[in-house]
Amino acid sequence: HVTGNVGVVQSSVAKHYQQQLLAQSARVLGSLQVLGDPANLLDDINSGVTTFLRKTKQEMTGERVGVGAGVGDLAGGVFGGALGSISKISGSLKDTVGSVAGR
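Residues numbered from 1 in each chain as written. Predicted model: local features only at pLDDT ≥ 70, side-chain atom pairs only at ≥ 80, totals over all residues. Heavy atoms only, no water.

## A word on the overall build of the protein
Then, in step 1: Secondary structure summary: the protein contains three helices and zero strands in total.
Then, in step 2: Counting from the amino terminus, helix and strand elements in the protein follow one another as α-α-α.
Then, in step 3: Looking at the protein alone, contacts between residues at least 24 apart form 50% of all its contacts between residues at least 6 apart.
Then, in step 4: Counting every atom, the protein has about 7700 Å² of accessible surface; 64% of that belongs to carbon and sulfur. (Helix = DSSP H or I, 4+ residues; strand = E, 2+ residues; numbered from the N terminus. Contact = heavy atoms within 4.5 Å. Areas by Shrake-Rupley, 256 points an atom, 1.4 Å probe, with all protein chains shown as cover.)

Structure below.
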């Protein structure tokens, strides 16, 4: 049950839905295959950096034996994420060119 000026209520509802539309649009654009799935790329990089920092801290405090275990995780996150995105971009381009060519 809403009370108040009809114009104010309409304006408030319209503003809410505009904000929701923008938020959802950003999520959709963040996961588009044609862009190489940037959301997944950021997740891969974040995971690699987080694991690198955790393992390096463990090595420095003596909780983990050895040195440099996190470097592989860092490289895997950064390079694996980047190559995965490049692969998705090239796959999207292949599909686009194929559809334009009529294949």
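## Observations concerning the confidence of the model for the protein
Then, in step 1: Mean pLDDT over the protein: 80, with 80% of residues reaching 70 or higher.
Then, in step 2: Mean pLDDT across the elements of the protein bottoms out in helix α1 (residues 6-30) (80) and peaks in helix α2 (residues 38-61) (88). (pLDDT = per-residue confidence, 0-100.)

## A word on α2
Then, in step 1: The terminal C-alpha atoms of α2, which comprises 24 residues, lie 35 Å apart, in line with the 34 Å expected from a rise of 1.5 Å per residue.
Then, in step 2: Burial in α2 covers these residues: Gly48, Thr51, Lys55, Gln58 and Glu59.
Then, in step 3: Downstream of α2 by one or two residues, Gly62 has phi in the positive range, about 85 degrees. (Expected span 1.5 Å × (residues − 1). Buried < 20%, exposed > 50% of the residue type's maximum accessible area, 1.4 Å probe, protein only.)

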